[in-house]
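As a plain string of letters, each chain reads:
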Amino acid sequence: IPGLRFDVVGDGEQRAELEETARRLGLDGTVRFLGQRRDVPELMRTFDCYVLSSVIEGMPNALLEAMALGRPVVTTSAGGSAEVVVDGESGLVVPPADPDALANAVERVLRDADFARRIAAAGERRVRDNFSLDAMLHAFDGLYRGELARAGLQISAPIAEVRSATHARDEHAPPAAHDRVTHA
């Protein structure tokens, strides 16, 4: 793909080895190692595709951030990545340690602008609907209500409202849910 450039953001134990490999393969102008950055969201907004090539991964916050910024994503199925991205819908998911599959997925995103726009928009919605603070508050609210109901108790206001009311009084105070729990 003419003009293709890969920006590697962050540092780690393998950086020198990766830089040497890029030089040896003649990819000096194609792969840039940017190191630690404080402007990652601004940098991500310039990406045509965000790639997470992890072999081992926890919950990939950077992947969530790229999706929230409306970037099309390609990731491996390592760790929580496959939980975050629905393959073919909100991004592309490939097996870990399969460079051919990763390259093919990146090429598909870069060559098919309509597909890239669709998965980027779906990824942005997925993060908002499933991984945002509001989504987590609603999930916890449902969990707590269910557990309280099993214990014969009920809560009079949604957790989000309790948090908002408490936050208005003292922004550093935790939600005062215990003040609003009553017996059913």
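First, a word on what this report is: a plain description of the structure on this page. Just so it is clear, the structure is predicted and the values come from calculations on it, not from any experiment. (Residues numbered from 1 in each chain as written. Predicted model: local features only at pLDDT ≥ 70, side-chain atom pairs only at ≥ 80, totals over all residues. Heavy atoms only, no water.)

## Some remarks on the packing of helix H5 (residues 99–111) against helix H6 (residues 113–130)
For any two helices packed against each other, one specifies the crossing angle of their axes together with the interaxial distance. Packing of H5 against H6 brings their axes to within 5 Å, and their N-to-C directions diverge by 100°. Between H5 and H6, the interaxial angle falls into the category roughly perpendicular. For the pair formed by H5 and H6, the contact residues are Arg 108, Val 109 and Arg 111 on the first element and Ala 113, Phe 115, Ala 116 and Ile 119 on the second. (Axes fitted to C-alpha atoms, helices over the stretch in contact; angles between N-to-C directions. Helix = DSSP H or I, 4+ residues; strand = E, 2+ residues; numbered from the N terminus. Parallel < 35°, antiparallel > 145°, perpendicular 65-115°, else oblique. Contact = heavy atoms within 4.5 Å.)

## What to know about the nonpolar core
The biggest cluster of nonpolar side chains holds 14 residues, and the ones touching the most others in it are Tyr 50, Leu 63, Met 67, Val 73, Val 84 and Val 85. Secondary structure elements with two or more residues in this core: helix H2 (40–44), strand E3 (50–52) and helix H3 (61–68). Of all the elements, H3 adds the most residues to this core, at four residues. In this structure, Val 73 is in contact with Tyr 50, Leu 63, Ala 66, Met 67, Val 85, Ser 90, Gly 91, Leu 92 and Ile 119, ignoring residues within four places of it in sequence. Among the nonpolar cores identified, the runner-up in size contains 11 residues, and Cys 49, Leu 92, Leu 102 and Phe 115 belong to it. (Core = buried A, V, L, I, M, F, W, Y, C linked by side-chain atoms within 4.5 Å. Buried < 20%, exposed > 50% of the residue type's maximum accessible area, 1.4 Å probe, protein only.)

## Description of the sheet that holds strand E4 (residues 73–76)
Here three strands make up an open sheet; going across it, the order is E3-E4-E5 and the pairing parallel. Strands at the two margins of the open sheet, each flanked by one partner only, are E3 and strand E5 (92–94). Strand-to-strand twist in this sheet, taken as the mean axis angle between neighbours without regard to direction, amounts to 15°. Examined bridge by bridge, E3 and E4 share three bridges and lie parallel to one another. Residue pairing for E4: Leu 52 is matched across the bridge by Thr 75. (Pairing = 2+ DSSP bridges.)

## Examining the packing of aromatic side chains
Using the criterion set out here, one finds one aromatic pair in the structure. Their ring planes at 25° and their centres at 6.1 Å tell us that Phe 140 and Tyr 144 sit as a pair that is stacked. With Phe 140 and Tyr 144 both in helix H7 (residues 133–150), this residue pair falls four residues apart, about one helical turn. The residue whose ring lies beneath Arg 108 is Phe 115, and the NZ or CZ to ring-centre distance is 3.8 Å. (Phe/Tyr/Trp six-rings, centres within 6.5 Å; stacked < 30°, edge-to-face > 60°. Lys NZ or Arg CZ within 6 Å of the ring centre and 35° of its normal.)

## Observations regarding H5
Taking 1.5 Å of rise per residue, 13 residues should cover 18 Å, and H5 covers 18 Å from first to last C-alpha, within 8% of that figure. Inspection of H5 places Leu 102, Ala 105, Val 106 and Val 109 among the buried residues, and these make up the whole buried set. Projection of H5 onto a plane perpendicular to its axis shows the buried side chains occupying an angular sector of 95°, all on one side. Facing away from the buried surface of H5 by more than 90 degrees, the exposed residues are Asp 100, Asn 104 and Arg 111. Against the buried residues of H5 lie strand E1 (6–9), E3, E4, E5 and H6. (Expected span 1.5 Å × (residues − 1). Arc of directions from axis to C-beta.)

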